Amino acid sequence: MGADKNSENLVIKVNKWDGSAVKNALDDAVKYVFTKKYNYIENFAVLDGRLTLCGIAVAVAIIALFCDYFYPFPASKPILVTCVTIYFILMALLALYTTYKEKGIFVVAVQRDPAGFNPDLVWEASSYMKKHDDKYNLVLSVRNTATGNVNETSVTKSIANFIDINGVVIYELIENVVSSMHDSLTSQRKEK
């Protein structure tokens, strides 16, 4: 499959020696495939959970700051201790949330049936790269919202398969990999 018209404008250039930047660029290209090629609707619920926890933590820190400003230290000691305790509990919850709920998921996309007869399918893409390693590990999963059945597939490839010598992500190559993974999951779902 060739790239669509929109992919011609997609040029992502990164420092190919910066593993974090390369991973993020490849993640962006995978997200682009789901949102532009397949026209799936991006769902931000997973990211909203993290933002909510962070927002509450910032609010607690601001409360502690204002209480200490208006009532200097000896008078604000109980409030500061409470706010610091709540803040550390929220940070622990955030660590658990990112480890067990997010699990490296960078895009959640919903595939709706145009006719409205079939239930929605929720696609999740997650990835990881080990430090000082050139292997990009991509995991795609699809969940049927009616039955809860989940199918998953993964691929591990060198970043050299997706980036040219100048550090430009070659969209068509990542699109081919994602499309074959997508087609594999779609055919697994139809066989069941």
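Cut-offs applied
Residues numbered from 1 in each chain as written. Predicted model: local features only at pLDDT ≥ 70, side-chain atom pairs only at ≥ 80, totals over all residues. Heavy atoms only, no water. Bend = angle between axes of the 7 residues up to and from the residue. Helix = DSSP H or I, 4+ residues; strand = E, 2+ residues; numbered from the N terminus. Contact = heavy atoms within 4.5 Å. Expected span 1.5 Å × (residues − 1). Buried < 20%, exposed > 50% of the residue type's maximum accessible area, 1.4 Å probe, protein only. Phe/Tyr/Trp six-rings, centres within 6.5 Å; stacked < 30°, edge-to-face > 60°.

A word on helix H3 (residues 73–102). In H3, a bend of some 40° at Ile-79 exceeds every other bend along the element. Residues of H3 that are buried in the fold lie against helix H2 (45–70) and strand E3 (105–111). Positive phi appears at Lys-103, one or two residues downstream of H3, with a value of about 50°.

Attention now goes to helix H1 (residues 19–37). An ideal rise of 1.5 Å per residue puts 27 Å on 19 residues; H1 measures up with 26 Å between its terminal C-alpha atoms. Listing the buried residues of H1 in full gives Val-22, Lys-23, Ala-25, Leu-26, Asp-27, Ala-29, Val-30, Tyr-32, Val-33, Phe-34 and Thr-35. Backbone geometry just downstream of H1 places Asn-39 in the positive-phi region, at approximately 55°.

Let us look at the packing of aromatic side chains. Enumeration over the complete set of coordinates arrives at ten aromatic pairs. Centroid distance Phe-34 to Tyr-40: 6.1 Å. Interplanar angle 40°. Geometry classified as tilted. The same class applies to Phe-34 and to Tyr-40, which are both buried. Feature note: the residues Phe-34, Tyr-38, Tyr-40 and Trp-123 constitute an aromatic cluster, connected by ring pairs.

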